[in-house]
Number of protein chains: 2
Amino acid sequence: MGSEHTAKAFDTDLQELTRLVAEMGGIAERMIVESVDALIRRDVALGQRVVTIDTELDALQRRIEERAVLTIARRQPMAVDLREIVGAMRVATDLERIGDLAKNMGKRVAALETDFHPLKLFRGLEHMTDLVQQQVKSVLDAYAAHDLPAAMAVWKGDEEVDAICTSLFRELLTYMMEDPRNISFCIHLMFCAKNIERIGDHATNIAETVFYMIEGQAITDKRPKGDMTTFATTVPNT
Amino acid sequence: MGSEHTAKAFDTDLQELTRLVAEMGGIAERMIVESVDALIRRDVALGQRVVTIDTELDALQRRIEERAVLTIARRQPMAVDLREIVGAMRVATDLERIGDLAKNMGKRVAALETDFHPLKLFRGLEHMTDLVQQQVKSVLDAYAAHDLPAAMAVWKGDEEVDAICTSLFRELLTYMMEDPRNISFCIHLMFCAKNIERIGDHATNIAETVFYMIEGQAITDKRPKGDMTTFATTVPNT
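These numbers come from a predicted model, not from an experiment.

Caption draft 1: Fine view of the nonpolar core. Of all hydrophobic cores here, the largest spans 162 residues; its most connected members are A:Leu95, A:Met176, B:Leu95 and B:Met176. Among residues more than four places away in sequence, those in contact with B:Leu95 are B:Val21, B:Met24, B:Gly25, B:Ala28, B:Leu57, B:Leu140 and B:Ile206.

Caption draft 2: Main features of the interface of chain A and chain B. Residue-level contacts link 39 residues of chain A with 39 residues of chain B. For the pair chain A and chain B, the interface holds two salt bridges. Taken together, the links from chain A to chain B amount to three residue pairs in polar contact (both at pLDDT 80 or more). Taken together, the elements giving at least two residues each to the side of chain A that touches chain B come down to helix H2 (44-75), helix H3 (79-112), helix H5 (148-178), helix H6 (183-215) and helix H7 (229-232) of chain A. Looking at the side of chain A that touches chain B, the element that brings in the most residues is H3(A), giving 11 residues.

Caption draft 3: The arrangement of the packing of H2(A) against H3(A) in detail. Residues and elements named next belong to chain A. At a closest axis distance of 8 Å, the pairing of H2 and H3 adopts a crossing angle of 165°. Viewed along their axes, H2 and H3 adopt a mutual orientation that is roughly antiparallel. The handedness of the crossing between H2 and H3 is left-handed. The class makeup of the residues in the contact of H2 with H3 is 16 nonpolar, six polar and seven charged.

Caption draft 4: Representation of the environment of A:Asp147. Residue and element names in this part refer to chain A. You can see Asp147 is positioned in the loop between helix H4 (120-145) and H5. The spatial distance from the C-alpha of Asp147 to the C-alpha of Ala207 is 9.8 Å, given a sequence separation of 60 residues. Setting aside residues up to four positions removed in sequence, Asp147 forms contacts with Ala142, Val210 and Ile214. Engagement of the side chain of Asp147 in a polar contact is seen with the backbone nitrogen of Ala150, the distance being 3.1 Å.

Caption draft 5: A look at the packing of aromatic side chains. Counted according to the given criterion, the structure contains five aromatic pairs over all chains. Seen in terms of ring centroids, A:Phe191 and B:Phe169 are 5.9 Å apart; in terms of plane orientation they differ by 40°. Their pairing is tilted. Linking A:Phe191 in helix H6 with B:Phe169 in helix H5 (residues 148-178), this pair reaches from one chain into another. With a centroid separation of 4.2 Å and 15° between ring planes, the pair formed by A:Phe191 and B:Phe191 is classed as stacked. Note that A:Phe191 is positioned in helix H6 and B:Phe191 in helix H6 (residues 183-215), a pairing that runs across two chains. Residue classification places A:Phe191 among the buried residues on the basis of a relative accessible area of 5%. Among the aromatic side chains, those forming a connected cluster through ring pairs are A:Phe169, A:Phe191, B:Phe169 and B:Phe191. Lying across the ring of B:Tyr212, B:Arg90 places its NZ or CZ 4.1 Å from the centre.

Caption draft 6: Helix H4 (residues 120-145) of chain B, seen in detail. Between its first and last C-alpha, H4(B) extends 38 Å over 26 residues, near the 38 Å set by a 1.5 Å rise per residue. B:His146, located one to two residues past H4(B), shows a positive phi value of around 50°.

Caption draft 7: Local environment of the packing of H5(A) against H6(B). At their nearest, the axes of H5(A) and H6(B) sit 11 Å apart, and the two run at 125° to each other. Relative to H6(B), the element H5(A) lies oblique. Two packed elements cross with a definite hand, and for H5(A) against H6(B) that hand is right-handed. Residues A:Phe169, A:Leu173, A:Met176 and A:Met177 of H5(A) pack against B:Ile183, B:Ile187 and B:Phe191 of H6(B). Looking at side-chain class alone, the contact of H5(A) with H6(B) contains seven nonpolar, no polar and no charged residues.

Caption draft 8: Geometry of the pattern of salt bridges. If you walk through the whole model with that rule in mind, you get 30 salt bridges over all chains. Of the charged contacts, one joins A:Arg75 and A:Asp13 as a salt bridge, the two residues approaching to 2.8 Å between their closest N and O atoms. You can see A:Arg75 sitting in helix H2 and its partner A:Asp13 sitting in helix H1 (residues 2-40), a full 62 residues away along the chain. Among the residues examined, A:Asp13 registers a relative accessible area of 10% and is labelled buried. Between B:Glu16 and B:Arg19 there is a salt bridge, with the nearest N and O atoms lying 3.2 Å from each other. Taken together, the residues B:Glu16 and B:Arg19, both in helix H1 (residues 2-40) and three residues apart, mark about one turn of the helix. Here B:Glu16 falls in the buried class, since its relative accessible area comes to 18%. For B:Arg19, a relative accessible area of 40% translates into the label partly exposed.

Caption draft 9: Highlighting the relation of the copies chain A and chain B. Once chain A has been moved 0.0 Å along the axis and rotated by 180°, it coincides with chain B to within an RMSD of 0.0 Å. The two molecules are tied by a two-fold rotation axis, judged by turn and shift. The position closest to the rotation axis in chain A is occupied by the C-alpha of A:Ala73, lying 2.5 Å away. An overlap of 100% is found between the interface residues of chain A and their copies at the interface of chain B, pointing to a shared contact surface.

Caption draft 10: Fine view of unusual backbone geometry. Residues and elements named next belong to chain A. Even without glycine at this site, Gln76 takes up a positive phi of about 40°. Mapping Gln76 onto the fold places it in the loop between H2 and H3. Residue Gln76 is classed as partly exposed on the basis of its relative accessible area, which comes to 34%. Not every positive phi belongs to a glycine, and Ala79 is a case in point at roughly 40°. Looking at the element boundaries, Ala79 is found in helix H3.

Rules used in this analysis
- Residues numbered from 1 in each chain as written.
- Chains lettered and ligands numbered in written order.
- Predicted model: local features only at pLDDT ≥ 70, side-chain atom pairs only at ≥ 80, totals over all residues.
- Heavy atoms only, no water.
- Core = buried A, V, L, I, M, F, W, Y, C linked by side-chain atoms within 4.5 Å.
- Buried < 20%, exposed > 50% of the residue type's maximum accessible area, 1.4 Å probe, protein only.
- Contact = heavy atoms within 4.5 Å.
- Salt bridge = Lys/Arg side-chain N within 4 Å of Asp/Glu carboxyl O.
- Polar contact = N/O pair within 3.5 Å; in protein donor to acceptor, adjacent residues only side chain to side chain.
- Helix = DSSP H or I, 4+ residues; strand = E, 2+ residues; numbered from the N terminus.
- Axes fitted to C-alpha atoms, helices over the stretch in contact; angles between N-to-C directions.
- Parallel < 35°, antiparallel > 145°, perpendicular 65-115°, else oblique.
- Left-handed = near helix turned anticlockwise from the far one by under 90°.
- Nonpolar A, V, L, I, M, F, W, Y, C, P; charged D, E, K, R; others polar.
- Phe/Tyr/Trp six-rings, centres within 6.5 Å; stacked < 30°, edge-to-face > 60°.
- Lys NZ or Arg CZ within 6 Å of the ring centre and 35° of its normal.
- Expected span 1.5 Å × (residues − 1).
- Least-squares fit on C-alpha atoms with pLDDT ≥ 70 in both.

This is the structure in structure tokens:
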């Protein structure tokens, strides 16, 4: 009876943790979309909203950490149950970082406002964002459903994001070379592209956490890496 | 006798955690210095070494997390003792991120190698790195010594790092405008400067963790923010 009570109390604690992670996930997903929308439409107020909302995400992460630690201390879960708690803490950390990256883009909106900005330059960024947002959504679904194949699909899909980022960098670089008036605008876009690419990296981190929760060990395969942006700013013969 | 035994076992666990965090700190500090050295001297092998060493840091972070969780489950520490454990986990997370940022700089060395690169452009980066490395060192000392005033000095000192980063961005931008041959090189330096600035942000996070460990609550003051780099890429009349 006592251990049954403990098991039930643990389940309640775990459900609350999972609920909080889902809440964070919803906020983070919306921040990604809104920060890029704000950039494209030069909507300073929306950019500012993303910056403000980030404090909510930070507070939720602290709450998850606190709850997780109390659950471990009170219920002393073992093996698989412990991994559930650690998993929730890890996912919360990645979501908090995703929020920071979206916040950083939100801040840039005010800087872009008076700039020269051909809409076609945003297309690559939009495409990357759609893909990354889908990655984040899929991996959070996989986390909630304990769906390892779905998590692994996200893990492998990050290569495409990296490849798009690299080609976007090359494109932006040619615009900068063509006309110095494009430089400051393109730098903003490069930093935003890099932020989105890093949001994608956090989606793969979450996929690795799902693997750890289910398999009980760290993933050993090396993730395919398509990111060449550290090289893409070097154009031959310039 | 039983509770004395538990207290002693807890102290041993905590000492081991603190030792692991110090080990991570040593590696992270060295990665910062070596990645920037590698950039300045275009030492591709040293850059690669930083990239390789990052896996050690990641492994240590996982070990700290694992140990922390087991200590909480086994010893069920309360209040101040629990904060010590949570503090170790938080500091480990920040050190892991610092390692990622240094690794990112290490990767860039290979991209810079064949580029045009006047040494004077590195001066601002070197200056920033010296400052940030000192911040990281000071805050890790403050963490080890539970020295709140020292931690708060780091917290306040980040403003200077941000200001240097902003002025470096402006300087690099003028070089890019002057001559398109400087563009790709300056972009690399901007990303490196941003990485170093973010390493500084993690030093302030650690300072906040020291505050939390000692005071038992989150810091409520808003940190002074000198970072204007999101605006510094916008040059009027271009």
